[in-house]
Amino acid sequence: MNIILLGPPGAGKGTQAQRLVEKHGMRQLSTGDMLRAAVSAGTPTGLEAKSVMARGELVSDDLVSALIGDELDAMAPGSGAIFDGYPRTASQAHSLDVILEARGRTLDHVIELDVNEDALVERITGRFTCAACGKGYHDVFERPRVDGTCDKCGGHEFKRRPDDNANTVRTRMAEYRAKTAPILPIYEARGIVARVDGMADMDAVTAAIEAVLAR
Ligand code: ADP
Ligand code: ADP
Ligand code: ZN
């Protein structure tokens, strides 16, 4: 099974992808995570992406598509992929078709997380993750069960993304509206889009996604 989670920044893509990974052993392919790893490691890709990401703009299509191709090549052929934050442009959507076909994979579902933009700034400015295992949290909506301790790995160090500020979020939303939302019709024409209410609580969103996967 290969699926895309589509939605603006803060829609809940990463949260839901982590749950699918735990439950079904699928693999999460997040171009945002790959780019942040490249920035931390100071690779040429990271150097190219760093300032673009800080502004909330999109990095080049060729760069992210190359990252996705490499990740898929490192995966067992039978394991499922969750594309999180990719594709984000029509050009990336086209590249994904080519990349999947070359590897004998097909796209089963595109799950659109339908959210109210007004809620996204609060979601994003309250977001933090475990520095050790990457588990996602929120200051209000998903606090660790024990303050200061990661539910999943017991880690005590957490981090926040430099681009998760109210200013950059506006640019990221505008990029989504202008470049990413327009790719939905490509998948609608194939009859593989399912729209899920991303404003529901996290468990309800998970249940709705599970229902789509079970179709
Ligand atoms: P969010 O989940 O909040 O939308 P991401 O972690 O997916 O954020 O992305 C963070 C930043 O990384 C984006 O603002 C953009 O600069 C860059 N980025 C991530 N994925 C892509 C992509 N597929 N194409 C272009 N830029 C990307
Ligand atoms: P994305 O990957 O789409 O950018 P995330 O999954 O990182 O979004 O979610 C953004 C923030 O909102 C996180 O802090 C997360 O804990 C929180 N969040 C995710 N889904 C929900 C939800 N359904 N209701 C309330 N908060 C949520
Ligand atoms: Zn952890």
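The structure this text deals with has already been given above.
Residues numbered from 1 in each chain as written. Chains lettered and ligands numbered in written order. Predicted model: local features only at pLDDT ≥ 70, side-chain atom pairs only at ≥ 80, totals over all residues. Heavy atoms only, no water.

Draft legend 1. Focus on helix α6 (residues 117-125). Those residues of α6 that sit buried are A119, L120, V121, R123 and I124. Against β5 (127-130), β6 (136-138) and α7 (166-180) lie the buried residues of α6. Between the side-chain oxygen at the start of α6 and the backbone nitrogen of D118 there is a gap of 3.0 Å, and the oxygen is on N116. (Buried < 20%, exposed > 50% of the residue type's maximum accessible area, 1.4 Å probe, protein only. Helix = DSSP H or I, 4+ residues; strand = E, 2+ residues; numbered from the N terminus. Contact = heavy atoms within 4.5 Å. Polar contact = N/O pair within 3.5 Å; in protein donor to acceptor, adjacent residues only side chain to side chain.)

Draft legend 2. Examining the site of ligand 2 more closely. Surrounding ligand 2, one finds 18 residues, the nearest of these being K13, G14, T15, R127 and Y137. Between ligand 2 and A11, the relevant distance is 3.2 Å, taken from an oxygen atom to a main-chain nitrogen or oxygen of the residue. With the chains in place, 91% of the 560 Å² that ligand 2 exposes on its own is no longer accessible. Where the shell around ligand 2 is concerned, the elements lending two or more residues are α1 (13-24) and β6. The dominant element in the shell around ligand 2, judged by the number of residues it contributes, is α1, at 3 residues. Class assignment for the residues of the shell around ligand 2 results in 7 nonpolar, 6 polar and 5 charged. (Near = heavy atom within 4 Å. Areas by Shrake-Rupley, 256 points an atom, 1.4 Å probe, with all protein chains shown as cover. Nonpolar A, V, L, I, M, F, W, Y, C, P; charged D, E, K, R; others polar.)

Draft legend 3. Seen up close, the site of ligand 1. In the vicinity of ligand 1 lie 19 residues, with T31, R36, E57, R88 and R172 positioned nearest. One of the backbone nitrogen or oxygen atoms of G85 is found 3.0 Å away from a nitrogen atom of ligand 1. Contact distances for ligand 1 include 2.9 Å between a nitrogen atom and a side-chain N or O atom of Q92. For ligand 1, the protein covers 97% of the area, taking 550 Å² as the surface of the free molecule. Looking at the shell around ligand 1, the element that brings in the most residues is helix α2 (residues 31-41), giving 4 residues. Here the residues of the shell around ligand 1 are counted per class, giving 7 nonpolar, 4 polar and 8 charged.

Draft legend 4. Geometry of the sheet that holds strand β7 (residues 158-159). As summarised here, the arrangement of the 3 strands in space is β6-β5-β7, forming an open sheet in which the pairing is antiparallel. Each of the sheet's edge strands pairs with one partner strand only, and the pair in question is β6 and β7. In the sheet, β5 pairs with β6 via 3 bridges, with the strands oriented antiparallel. Within β6, the residue paired with T129 across the bridge is G136. (Pairing = 2+ DSSP bridges.)

Draft legend 5. Summary view of the sheet that holds strand β8 (residues 193-197). One open sheet holds the 5 strands; their spatial order is β2-β3-β1-β4-β8, and the pairing between them is parallel. Taken across any chain shown, the strands that pair with only one partner, and hence form the sheet edges, are β2 (27-30) and β8. Mean inter-strand twist for the sheet, computed between neighbouring axes without regard to direction, equals 25 degrees. Across 4 bridges, the pairing between β2 and strand β3 (residues 81-84) is parallel. Counted as the bridge partner of R27 is A81 from β3. Along the sheet, α2 makes contact with β2 and β3, crossing β2 at roughly 65 degrees. (Axes fitted to C-alpha atoms, helices over the stretch in contact; angles between N-to-C directions.)

Draft legend 6. Molecular detail of the packing of aromatic side chains. For the coordinates displayed, the defined rule picks out 4 aromatic pairs. Taking 5.5 Å as the distance between ring centres and 85 degrees as the angle between the ring planes, the aromatic pair formed by F128 and F158 counts as edge-to-face. Highlighted residues: F128 in strand β5 and F158 in strand β7, separated in sequence by 30 residues. Since its relative accessible area comes to 8%, F128 is described here as buried. Classification of F158 by relative accessible area gives partly exposed; the value is 24%. Pairwise contacts between aromatic rings join F128, Y137 and F158 into one cluster. For the cation-ring pair, K135 lies above Y137, with the distance from its terminal atom to the ring centre recorded as 4.6 Å. (Phe/Tyr/Trp six-rings, centres within 6.5 Å; stacked < 30°, edge-to-face > 60°. Lys NZ or Arg CZ within 6 Å of the ring centre and 35° of its normal.)

Draft legend 7. Looking closely at the environment of L67. Considering the arrangement of structural elements, one finds L67 in helix α4 (residues 61-73). For L67, a relative accessible area of 18% gives the class buried. Distance in space between the C-alpha atoms of L67 and T45 is 9.6 Å, their sequence separation being 22 residues.

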